Amino acid sequence: MDVRIDPSWKSRLSTEFNEDYFKDLVQFVKTEFRSQQCFPPGKEIFAAFDHSPFDKTKVVIIGQDPYHGSGQAHGLCFSVRDGTPYPPSLINIFKEVANDVKVPYPKSGNLERWAKQGVLLLNATLTVRAQQAGSHQGKGWERFTDAVIRTLSEEKQGLIFLLWGGFAKKKASLIDASKHHILTSGHPSPLSANRGLWFGNTHFSKTNELLSQKGESVIDW
């Protein structure tokens, strides 16, 4: 099946694209986009891969599914387009960034700037119906994105996985911890953050420390 995705990923995921489950998933997504308002726009479904090619990926952040409000999702987990008000989780992410690495509070919620530095911003489910959180879960996306995580684990060395919240932490079973770094904390959502499970995790400075130890360029958060 011909899927429009960055060539470095396409060569590694072609087996998945030809599986029956993925063909069924494609038909489901096409039907949903024709009959319902869905996000992100079709051309941005694989944006995370296009902005962070396989060979340049060095950090992986795992989200659950796209924002389901109009004009928010554009293919990168936790990210919103320029000029879009920050959702609550992103506000808490930026508060932790500012406290942790002592940078000014970001003026844009668009995280393409992270992706272009090698941060793969991967949602487990890549599409969603408008105003219906989780509406495209269990249709095949999770099988596909689990394959992405396994491929990264198997073919690369020394990646840094940031697993925030119970859902993301379950993905640790797909990662070879003897080859990679896994940092976990509570989710940045207000429910988790207000219970003291997010703030102070210092994941952003820890990530840069690990990159520095390997002689790699740090992330400008």
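Residues numbered from 1 in each chain as written. Predicted model: local features only at pLDDT ≥ 70, side-chain atom pairs only at ≥ 80, totals over all residues. Heavy atoms only, no water.

Chemist: I tried to follow the sheet that holds strand 3 (residues 119-123) on my own but got confused; where do I start?
Modeler: For sheets, the rule is that strands pair by backbone hydrogen bonds, running either parallel or antiparallel. Spatially, 3-2-5-6 is the arrangement adopted by the four strands of the open sheet, whose pairing is parallel. Strands with a single pairing partner mark the edges of an open sheet, and in this sheet they are strand 3 and strand 6 (181-185). Strand-to-strand twist of the sheet, defined as the mean angle between neighbouring strand axes without regard to direction, takes the value 20°. Two elements, strand 2 (residues 59-63) and strand 5 (residues 160-164), share four bridges in a ladder whose sense is parallel. (Pairing = 2+ DSSP bridges. Helix = DSSP H or I, 4+ residues; strand = E, 2+ residues; numbered from the N terminus. Axes fitted to C-alpha atoms, helices over the stretch in contact; angles between N-to-C directions.)

Chemist: How should I be thinking about helix 2 (residues 20-35) in this particular structure?
Modeler: Since the α-helix packs 3.6 residues into each turn, any two residues three or four apart lie on the same face. The terminal C-alpha atoms of helix 2 lie 23 Å apart, and with 16 residues this matches the ideal 22 Å at 1.5 Å per residue to within 8%. Residues of helix 2 that are buried include every one of Tyr21, Phe22, Leu25, Val26, Val29 and Glu32, and no others. Down the axis, helix 2 shows its buried residues gathered within 140° of arc, on one side only. Facing away from the buried side of helix 2 by over 90 degrees, the exposed positions are Asp20, Asp24 and Arg34. In this fold, the buried residues of helix 2 make contact with helix 1 (7-17), strand 1 (38-39), strand 4 (128-129) and helix 6 (141-155). (Expected span 1.5 Å × (residues − 1). Buried < 20%, exposed > 50% of the residue type's maximum accessible area, 1.4 Å probe, protein only. Arc of directions from axis to C-beta. Contact = heavy atoms within 4.5 Å.)

Chemist: Any chance you could explain the packing of aromatic side chains here in plain terms?
Modeler: Any pair of aromatic rings gets described here by the distance separating the centres and the angle formed by the planes. Tallied over the full model, the rule gives 22 aromatic pairs. It is lysine 156 that lies over the ring of phenylalanine 54; its NZ or CZ is 5.0 Å from the centre. (Phe/Tyr/Trp six-rings, centres within 6.5 Å; stacked < 30°, edge-to-face > 60°. Lys NZ or Arg CZ within 6 Å of the ring centre and 35° of its normal.)

Nothing here speaks to function; it is all geometry.
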